Amino acid sequence: MHHEQERDTLAFTHQLYAETPRQLAFQATTVAEAEAWQVALRAKLAELVGGFPQEKCALQPEVLETHEFPDYIRETVQFKSRPHSVIFGYFLSPKHTDSSTPNPTILCLAGHGRGVDDIVGIEEDDSIRAEWGGYQNDFALQCLAHGYSVLAIEQFGFGHRRDAVAHQKGGGSSSCQPSAGAALLLGHTMVGWRVYDAMRAFDYLSTRPEVDMNRLGIMGISGGGTTTFFTAALDTRIKAAVVSGYFNTFRDSILSLSHCIDNYIPNVLQYAEMYDIAGLIAPRALFIESGTEDTIFPIEATRFAVNKAKSIFNCFGADDKIGFEVFEAGHSFYGVGAFEFLKRAL
């Protein structure tokens, strides 16, 4: 029987995981030690995701078109992230706020699917959805309804930022693979590319007078939750992060189940588990929501990881800065406790 078990590839990877010490696992007992640990792990994480450009290119921002709706204004914008890469997105301003006073602003990141259009209520034929829908429940529009300004950007490989083959296949087809694989071949990662795009999005927001740069949030589900999580860990301008349908342990999800290659960071488990990386967000605010029936991010592992992350926030005296909501559903955006939490955090 023993030999049959040794043909089990999952048992083998779990064994290796158990034998691999995480060199930068959280062990601090004082705030000073915890802050020094953050500096070390943040630098290592930036290196593991492939590093970031030494020099930032000019943003060259453009507003491509403006649409007025009863409750908000939607600007279609683009700006450069890197010399050969343009970010496409929508800047949404609620009408009931005074545009001369800076407003708290949330960067919204869609998961796999049709991309950014699917979180701002735009159907495939460019018509506007009558009510919030899809597994992401138009969460960018939900942010607007709660009074926030919103920048919703297209992630690398989705929607408006795909290769020709994916475009031909229709709206829901991404070019995540092969581009996430290409990143690995070049010594980069898709996580790193998307995080850098998010950082550049905050650079862009700093050019807009209606944005309160002291009250920046970030929110995403699934593949957007991945980028939200790692951006919040690496970019300290973010005051509050909402991660939906992603937070778990690497062991029980990314290592054990079949995921898109955009989830993989080579060597990360030599240094840290997901809950350690959550500790890079402390004492800033982090809210996690997960569905009980989410088949790719098992709920028990999420509960375990949240408890581990809570003990790191606790070390910073920031117990009130980490929130968690479990809801009865599959892989989808819920957004009940999340918005209550944001109201306090931002």
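Attention here is on the structure that accompanies the text. (Residues numbered from 1 in each chain as written. Predicted model: local features only at pLDDT ≥ 70, side-chain atom pairs only at ≥ 80, totals over all residues. Heavy atoms only, no water.)

Thoughts on the packing of helix 6 (residues 176-185) against helix 7 (residues 190-205)
This is how it is decided: Every axis in this analysis is a line fitted to C-alpha atoms, fitted for helices over the stretch in contact. Angles between the N-to-C directions lie between 0 and 180 degrees. Runs of H or I in DSSP of at least four residues are treated as helices and runs of E of at least two as strands, each being numbered from the N terminus. Working definition: roughly parallel below 35 degrees, roughly antiparallel above 145 degrees, roughly perpendicular at 65 to 115 degrees, and oblique for all remaining angles. Note on definitions: a residue-residue contact is assigned when non-hydrogen atoms from the two residues lie within 4.5 Å. Each residue is assigned to one class: nonpolar for Ala, Val, Leu, Ile, Met, Phe, Trp, Tyr, Cys and Pro, charged for Asp, Glu, Lys and Arg, and polar for all the others, Gly among them.
At a closest axis distance of 8 Å, the pairing of helix 6 and helix 7 adopts a crossing angle of 100 degrees. Accordingly, the angle class assigned to the pair helix 6 and helix 7 is roughly perpendicular. For the pair formed by helix 6 and helix 7, the contact residues are Cys 176, Ser 179, Ala 180 and Ala 183 on the first element and Met 190, Trp 193 and Arg 194 on the second. Here the contact of helix 6 with helix 7 is built from residues that sort into five nonpolar, one polar and one charged.

Points about helix 8 (residues 223-234)
Rule in force here: The span expected for a helix works out to 1.5 Å for each residue beyond the first. Under the scheme applied here, a residue whose accessible area is under 20% of the maximum for its type counts as buried, over 50% as exposed, and between as partly exposed, the area being computed with a 1.4 Å probe on protein chains only.
The terminal C-alpha atoms of helix 8 lie 17 Å apart, and with 12 residues this matches the ideal 16 Å at 1.5 Å per residue to within 8%. Of all 12 residues that make up helix 8, 12 are buried, and the element is covered over most of its length.

Some remarks on the packing of aromatic side chains
Stated precisely, the cut-off is as follows: Geometry of aromatic contacts follows a simple scheme: Phe, Tyr and Trp rings, the Trp one being its six-membered ring, pair when their centres are within 6.5 Å, and the pair is stacked under 30 degrees between planes, edge-to-face over 60, tilted otherwise. For a lysine, the NZ atom is tested; for an arginine, the CZ atom; a charge sits over a ring if that atom is within 6 Å of the ring centre and within 35 degrees of the ring normal.
Scanning all chains against the criterion turns up 16 aromatic pairs. Note on Phe 26 and Trp 37: the rings are 4.9 Å apart at their centroids and 80 degrees apart in plane angle, and the pair reads as edge-to-face. Taken together, the positions of Phe 26 in the loop between helix 2 (9-19) and helix 3 (31-48) and Trp 37 in helix 3 put the pair 11 residues apart, joining distant regions of the chain. Judged by its relative accessible area of 18%, Phe 26 falls in the buried class. Assessed through its relative accessible area of 9%, Trp 37 is described here as buried. Here the guanidinium or amino end of Arg 208 rests over the ring plane of Phe 91, the centre of that ring lying 3.8 Å away.

Distances and angles like these do not, on their own, reveal function.
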